[in-house]
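Chain and residue survey
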Amino acid sequence: MATVLPQHQAFDVSVDVQPQSGSKCFDDDGRLKRTGTVWTASAHIITAVIGSGVLALAWATAQLGWVAGPAVMLLFAFVTYYTSTLLSFCYRTGDPVTGKRNYTYTDAVRSNLGGYKVKICGFVQYLNLFGVAIGYTIASSISMVAIKRSNCFHSSDGKDECHVNSNPYMIAFGIAEIIFSQIENFDQLWWLSIVAAVMSFTYSTIGLGLGIGKVVETGTIRGSMTGVDIGTVTEAQKIWRSFQALGDIAFAYSYSLILIEIQDTVKSPPSEAKTMRKATLISVATTTLFYMLCGCMGYAAFGDASPGNLLTGFGFYNPYWLIDIANAAIVIHLVGAYQVFVQPLFAFVEKSAAEKFPDSQFISKNIKIQIPCVGLYNLNMFRLVWRTLFVITTTVISMILPFFNDVVGLLGALGFWPLTVYFPVEMYIVQKRIPKWSTKWLCLQTLSGACLIITIAAAAGSIAGGRLIADQGTTYISAFLQSQQSHSQLLGSYQQQEREQKPILKMEDNTAARNHIHANPAFDISVMEGGSKFFDDDGRPKRTGNVMTASAHIITAVIGSGVLSLAWAIAQLGWVVGPVVMVMFSIVTYYTSCLLVACYRDPVTGNRNSTYSAAVKNRLGGFMYKVLGIVQRINLYGITIGYTITACISMVAIRKNACVHKHGEGKRCLINSNPYMIAFGVIEIILSQIPNFDKMAWLSTVAAIMSFTYSGIGLALGIAKVAEIKTIKGSLAGVTIGVQVTQTEKIWRIFQALGDIAFAYSFAIVLIEIEDTVKSPPSEAKTMKTASKISLSVTSIFYILCGCLGYAAFGDIAPGNLLTGTGFSNPSWLIDIANAAIVIHLIGAYQVFSQPFYAFVEKKAAQLYPDNHFITKDIEIMSYKLNLFKVVWRTLYVISTTLLSMIFPFFNGVVGFLGALGYWPMTIYFPVAMYIAQKQIPKWSTRWVCLQVLCLSVLVIALLAAVGSIVGVMGDNKNQMLQHNQVFDVSVNMPPQGGSKCFDDDGRLKRTGTVWTASAHIITAVIGSGVLSLAWAIAQLGWVAGPAVMFLFSLVTYYTSTLLSACYRSGDSDTGKRNYTYMDAVQSNLGGVKVKICGYVQYLNLFGVAIGYTIASAISMMAIKRSNCFHKSGGKDPCHINSNPYMIAFGVVEIIFSQIPDFDQLWWLSIVAAVMSFTYSTIGLGLGIAKVAETGTIMGSMTGISIGTVSETEKMWRSFQALGDIAFAYSYSLILIEIQDTVRSPPSEAKTMKKATTISVAVTTLFYMLCGCMGYAAFGDLAPGNLLTGFGFYNPYWLLDIANVAIVVHLVGAYQVYCQPLFAFVEKAAAKKYPDSEFISREIKIPVPGLGHCNLNLFRLVWRTAFVIVTTVISMLLPFFNDVVGLLGAVGFWPLTVYFPVEMYIAQKRIPKWSTRWLCLQILSVACLIITIAAAAGSIAGVISDLKTYKPFKTSY
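It should be emphasised that the depicted structure is a prediction, and the values quoted were computed from it without experimental measurement.

Secondary structure summary: the protein chain contains 45 helices and 10 strands in total. Of all 1453 residues assigned to the protein chain, the portion counted as buried reaches 54%. When contacts within the protein chain are restricted to residue pairs at least 6 apart in sequence, long-range pairs at least 24 apart make up 80% of them. Put simply, the protein chain shows about 63400 Å² of open surface, and 66% of that area lies on carbon and sulfur atoms.

Next comes the structure, spelled out in structure tokens:
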């Protein structure tokens, strides 16, 4: 490139001159009148653009072909033109005609963007200039060598190969540049710039002319539509070369850096921006035409064999004298161009040195030297030494990496996006104040993002080009590898030194300040609260963090062991979905990080939240703070297990590598991992005794260095592997179904891959802590948003490179852990270093993550037992304070994580599970919830809905990832039991207390229920035996209608539950009279006959449930017996068993339990029942998943059981019955008012219950979907009516027995839960009717050993016994589980879940008859009535069908 800017510095320094008010001689900034026009500006741009970049265009076109080559060139021209017009608007800040001028590109960035972006811009600029100097040194030496070789060929008539060493020519060029570099000021270089411009046009035109001449001579236009054929090069080489070609073209268009300087020469009016837009159009059109001719003519002349440098690659041999002139012109041009580009870098360093050391004579002193015929020359020793060293450095690097094409491509890639696209776009957005997320803003950002991707691709291709040259036999390869190794060592040494000087997380400063304040109660914090030079507004020492330190902290926190599984994750997802998912995770993580950082300060008081926990506590309250604590600590505990597994695998890999290296590849080296886990555990026990987290800075620093070490090695090995095999492996859709995995395994693996990627992005937990290190102004949130953008961009690029290169290297067999999964076996020493780095990192990381958990438990123990010496007393041993409780507790903690790691030593599965477990709550849910609370976003507003949709979407992904990971680790699920509180409370009549601290407004004890207790009650009430028939229900309806119907029932149930919750209070929703039961609500709102109808339906439903539960429990007891019989006989005995004895046994048990006099004494039975319901439901789900995983097939069809298997009529009745089964699963409205009566207020009970209903219906629907769908997927159309007793599953028989025992135990309790209200109603009515009857009212006290007295009531004994006998007899008469369940669902769903809630809501809210809302509610009610009738008809039809082959009291299975 050449630059003709007479007497204008490319990087000028703004000098404040007193304005002259825009006279004839001066412009509005006080400088001499500018005289530039469209034509002078066009000439400057053309001169700057056309240069050495033109020489590589023929080669670039050859890689892309006749179609893509010119098209890409045109696209680059359009982008360059468009971004140049954007940049021209930024010459003036504010008003485009009279605003303040920006004299340089950097000035424009400073005025429009400011802050750290100016530094980034400067860094990119100077790095680009440094690279250009290297490129020009290589290009000039190649041209000098070409002159020498051309003459040699001519003198030997082509017989001599004429090998010439380039090093002497590079040294000669370096010496010339050392001399020229001593020219003091850039404005004295005008003559050199003019000569350089003339030379650039000379050799460019010669190259074009020779291309035309060659085409005319051969009479053939060579080349192809797609460029160099695969076969001439490998597929991998084709891709890398195409990417490199993009860099070569980008290099040819890199001139934005000097556009503002050129614009500063233009006169006004018209406005400078208008003039520059015209000049840019003319110049870009001219240069593009010239480039097209040069590139296309070169390609037409040589075709796919086009040389990398048109004039030196010996495409042309004659006329040799003309080629020598062209190459001489290149050398002369580049001698001048080198100085044009490096002078700003020289000036910058010298100015910085003078500012830093103003008194240093070595830097500031000028020695005057008389030069004959020239005059006095000012020699500056610093300038002499610094500029000489700079030239020597560029020359040495050029000698190490003498690859013209690759360096040009890399320079084009590095410089194009930031300087030509990113900064102009960002400045234009700021200058024109374009609203965020507007169409124009999105288009500009899309353009920037697209150009960034092209830049990365071009850089990757250019880097790969160096490797490809090595494969072709270049003599420079050893020097290249040595230079890379030495560079890495230097970089590693520098990074280590930097980290040692500046610890990653400077937590010790804040902790020390905090400890000082706590230790000195008399310390007057008020002097610090205003914010002084030394203290911030919270009294802590002044924070000093900025964008770059925060970015470094985040990058350090993010990049870790998660990177090792990314290649495997992409292998599961494929080339399309893999990178897209990674980008999506990065976008979501960035967005929620922005939400999270906005919660650092309280919007009202401005108080800081120094930790994630503090932010949650202040924004969401105490309960959510506790939930967060649980999630955090589970996550921390899981991570320490994961780290133990990973460290052990790496130690085993080192040992295995040594074994293979010693005995050869054929030796099978089997190594037990347990000793290594134990060894890791012993180390962690020792390190865990470090008492305080703030003393661990050195450990954190070492861990950070190690994480970058092994990640970098993994990336480098991936690149080397791809370059070695010369093939990019993998496929668009990832691992192939039928070849590597079954369809089911593919699904689970995809889900697990999501968890692995999520794990790699889990860093939100430390974001607030990092923000707490940042200084202000600008606001901490603003700084952190920028830091998050930078760090996530860097890590995403790094992750995509690591994952994609690993997949490219190994394809579908990419190992789960890139460094230990035997993906790489050589170089063994480098892999051992990487694995050793992993172990060292994880030793430190384990402590970093476990220390907060240690501190929490120890603090709680000290608070609970302040006088316990075992907990609080420190024993001093040689100045070390030993605490026995800490020793025991921390040792036990490490032992537990080690044992679990030994039980589940599955790296990939555990990483995926941890990612799934931690990502949603920590990265999505809490940030979203806090942001909504912080910004007070109205409920159901567009923004609120969008945030909730985001939250819910990621939750679904997290759940899928967790399931996939569990399947990957275990093959089936581990069940966890949920604690349960009593669902039904008892109404006790007490006089009103006026709403005191102890009593509510109705005189009852203060209610304490919350959203979460109410949700737990509902979930406990809903999930029960109804879940067992859902697989059968979906089998009748099919994959489309089944889940859809379940979803519709959930929506209707949710909606009518919200209507019902509004009826808890009559009148005013906050202060109105409470209704303690469903019946009370009906009586208050509807009254009259409807109360009796409601009571009748309720009690009929309860009676039916008692029959259903008797049948279900008997079937489960028989299933246990049959299961054991099958196991004993090896499946030969049909094991027919009569159900009657089991029903009678169940009835006897229920008679005994029914004598418990009061419902409120049933809390323990209710808890046991709840635990059991979750147990068998989860076993059913787990067995379904296992069955699908075992068969590798998802059974079933779109429309369910086929007509043919059943008749058309049977299909219809079964579909209707399925509706009843699903309705039965959602029947809980009956107890909703009772649950609501346990909830505290404020907020109003209705509001709390709406939230609780949302949570519980969502959870149960998800659980039902999984249970039903997994059962159907496992058995298809043969899904049994009762999943656990229909002998769909035979093994493991002991697990089935446990599930069926759990059903029986549950139903024993559930029977009482449902019958007690009916018992109470009858007994209350009898007592009312016959108040004087001793048979009804008299209580007989009977002593019971060990329990005290039992009150025996004869009426209760007779009535309850008779009730149980009746239900048992009916169950023995109609022992049809599925049909009874369907009928109960149908009978109970419409009246209790839909009709009464709708009618009460209409009465409560006084909705006018025939209004739109009234009509909609009535339509809903009628629709549900029709479904109920259909379901009841289907269930009755099922009963009738069963009765045809049934003999009363003789049922056997």
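Moving on from the coordinates now.
Attention shifts here to helix H33 (residues 1030-1061). Taking 1.5 Å as the rise per residue, H33 with 32 residues should run 46 Å; its terminal C-alpha atoms sit only 27 Å apart, a clear shortfall. H33 sits mainly inside the fold: 23 of its 32 residues count as buried.

A word on the confidence of the model for the protein chain. Looking at the protein chain as a whole, the pLDDT averages 75, with 80% of positions reaching at least 70. Contacts for the low-pLDDT stretch residues 1-21, under 50 throughout, to residues beyond four places or in other chains number 72 contacts. pLDDT under 50 marks residues 467-531. Its contacts with residues more than four places away, or in other chains, come to 62 contacts.

Here the focus is the side chain of Ser224. Relative to the helices and strands, Ser224 is located in the loop between helix H6 (190-218) and helix H7 (235-252). By relative accessible area, which is 19% here, Ser224 ends up buried. Those residues in contact with Ser224, other than ones at most four positions away along the chain, are Gly65, Trp66, Asp229, Tyr299 and Asp304.

To continue, consider the packing of aromatic side chains. All told, the structure shown has 32 aromatic pairs when counted by the stated rule. Seen in terms of ring centroids, Trp417 and Tyr422 are 5.0 Å apart; in terms of plane orientation they differ by 40 degrees. Their pairing is tilted. A residue is classified by how much of its surface remains accessible, and Trp417, at 18% relative accessible area, is buried. For the pair Trp1039 and Tyr1272, a centre-to-centre distance of 5.0 Å together with 45 degrees between the ring planes defines the contact as tilted. Separated by 233 residues along the polypeptide, Trp1039 in helix H33 and Tyr1272 in helix H40 (residues 1245-1275) bring together distant segments of the chain.

Once that is clear, we can look at the environment of Ser1177. Along the polypeptide, Ser1177 turns up in helix H37 (residues 1163-1191). Distance in space between the C-alpha atoms of Ser1177 and Cys1267 is 7.7 Å, their sequence separation being 90 residues.

On to helix H12 (residues 381-400), then. End to end, H12 covers 29 Å across 20 residues, agreeing with the expected 28 Å (1.5 Å per residue, within 8%). Among all positions of H12, only Phe382, Arg383, Trp386, Arg387, Thr388, Phe390, Val391, Thr394, Thr395 and Ser398 are buried.

The grouping of Lys939, Lys1247, Lys1250, Lys1251, Lys1405 and Arg1413 at the surface amounts to a positive patch. Counting residues per element, the positive patch draws most heavily on H40, which supplies three residues. Secondary-structure assignment places Arg1413 in helix H45 (residues 1412-1443).

This next bit is on the side chain of Ser788. Mapped onto the elements of the fold, Ser788 is located in helix H26 (residues 780-810). When near neighbours in sequence (up to four residues on either side) are disregarded, Ser788 contacts Ile554, Tyr590, Ser593, Leu767 and Ser793.

Quick look at the nonpolar core now. In this structure, Ile1222 and Phe1363 are the most contacted members of the largest nonpolar core, which totals 113 residues. The contacts of Phe1363, once residues within four sequence positions are left out, are Phe1103, Ala1106, Tyr1311, Cys1315, Leu1318 and Phe1319. If you look at the next biggest cluster of nonpolar residues, it comprises 110 residues, including Cys599, Met651, Cys804 and Met922.

Next up on the list: the pattern of salt bridges. Counted according to the given criterion, the structure contains 18 salt bridges. Note that Asp28 is salt-bridged to Arg101, the shortest N-O span being 2.9 Å. With Asp28 in the segment before helix H1 (38-49) and Arg101 in strand S2 (residues 100-101), this pair connects stretches of sequence that are 73 residues apart. According to the relative accessible area criterion, Arg101 is buried, its value standing at 5%. Between Arg608 and Glu780 there is a salt bridge whose closest N-O contact spans 3.1 Å. Here Glu780 lies in helix H26 and Arg608 lies in the loop between helix H19 (566-597) and helix H20 (612-620), a separation of 172 residues in the sequence. Glu780 matches Arg608 in its accessibility class, with the two residues each being buried. Several salt bridges share partner residues, and in doing so they unite Asp27, Asp28, Lys33, Arg34, Arg92, Arg101, Asp264 and Glu272 into one network.

Further remarks concern unusual backbone geometry. Phi is positive for Gln936, close to 50 degrees, though the residue is something other than glycine. Structurally, Gln936 can be placed in the loop between helix H30 (907-935) and helix H31 (942-969). Residue classification places Gln936 among the exposed residues on the basis of a relative accessible area of 67%. Even without being a glycine, Arg1406 presents a positive backbone phi close to 50 degrees.

Note that Ile175 resides in helix H5 (residues 167-180). Given a relative accessible area of 47%, Ile175 falls into the partly exposed group. Measuring from C-alpha to C-alpha, the distance between Ile175 and Ile392 comes to 8.6 Å, with 217 residues separating the pair along the chain.

Where H19 meets H26, the axes come as close as 9 Å, and the angle between the chain directions of the two elements is 175 degrees. Judged on the interaxial angle alone, H26 and H19 are roughly antiparallel. Class assignment of the residues belonging to the contact of H19 with H26 gives a composition of 19 nonpolar, eight polar and two charged.

Before going further, it helps to examine the packing of H33 against H40. Where H33 contacts H40, the axes come no closer than 9 Å and their chain directions differ by 175 degrees. Looking at the two axes, H33 sits roughly antiparallel to H40. The class makeup of the residues in the contact of H33 with H40 is 17 nonpolar, 10 polar and one charged.

Mapped onto the secondary structure, Ala1327 falls in helix H41 (residues 1293-1329). Among the residues examined, Ala1327 registers a relative accessible area of 36% and is labelled partly exposed. Along the chain, Ala1327 and Phe1355 lie 28 residues apart, while their C-alpha atoms are 9.9 Å from each other.

With that out of the way, let us pick up a nonpolar patch on the surface. Together, Phe362, Ile367, Ile369, Met381, Val385, Leu389, Ile392 and Val396 make up an exposed nonpolar region whose accessible area comes to about 620 Å². The set of elements that each furnish at least two residues to the nonpolar patch consists of strand S3 (366-371) and H12. Among the elements that line the nonpolar patch, the one with the most residues is H12, at five residues.

About the thresholds
- Residues numbered from 1 in each chain as written.
- Predicted model: local features only at pLDDT ≥ 70, side-chain atom pairs only at ≥ 80, totals over all residues.
- Heavy atoms only, no water.
- Helix = DSSP H or I, 4+ residues; strand = E, 2+ residues; numbered from the N terminus.
- Buried < 20%, exposed > 50% of the residue type's maximum accessible area, 1.4 Å probe, protein only.
- Contact = heavy atoms within 4.5 Å.
- Areas by Shrake-Rupley, 256 points an atom, 1.4 Å probe, with all protein chains shown as cover.
- Expected span 1.5 Å × (residues − 1).
- pLDDT = per-residue confidence, 0-100.
- Phe/Tyr/Trp six-rings, centres within 6.5 Å; stacked < 30°, edge-to-face > 60°.
- Patch = residues over 30% accessible without salt bridge, like charges linked within 9 Å, V, L, I, M, F, W, Y side chains within 5 Å.
- Salt bridge = Lys/Arg side-chain N within 4 Å of Asp/Glu carboxyl O.
- Lys, Arg positive; Asp, Glu negative; His and termini not counted.
- Charge placed at Lys NZ, Arg CZ, Asp CG, Glu CD.
- Core = buried A, V, L, I, M, F, W, Y, C linked by side-chain atoms within 4.5 Å.
- Axes fitted to C-alpha atoms, helices over the stretch in contact; angles between N-to-C directions.
- Parallel < 35°, antiparallel > 145°, perpendicular 65-115°, else oblique.
- Nonpolar A, V, L, I, M, F, W, Y, C, P; charged D, E, K, R; others polar.

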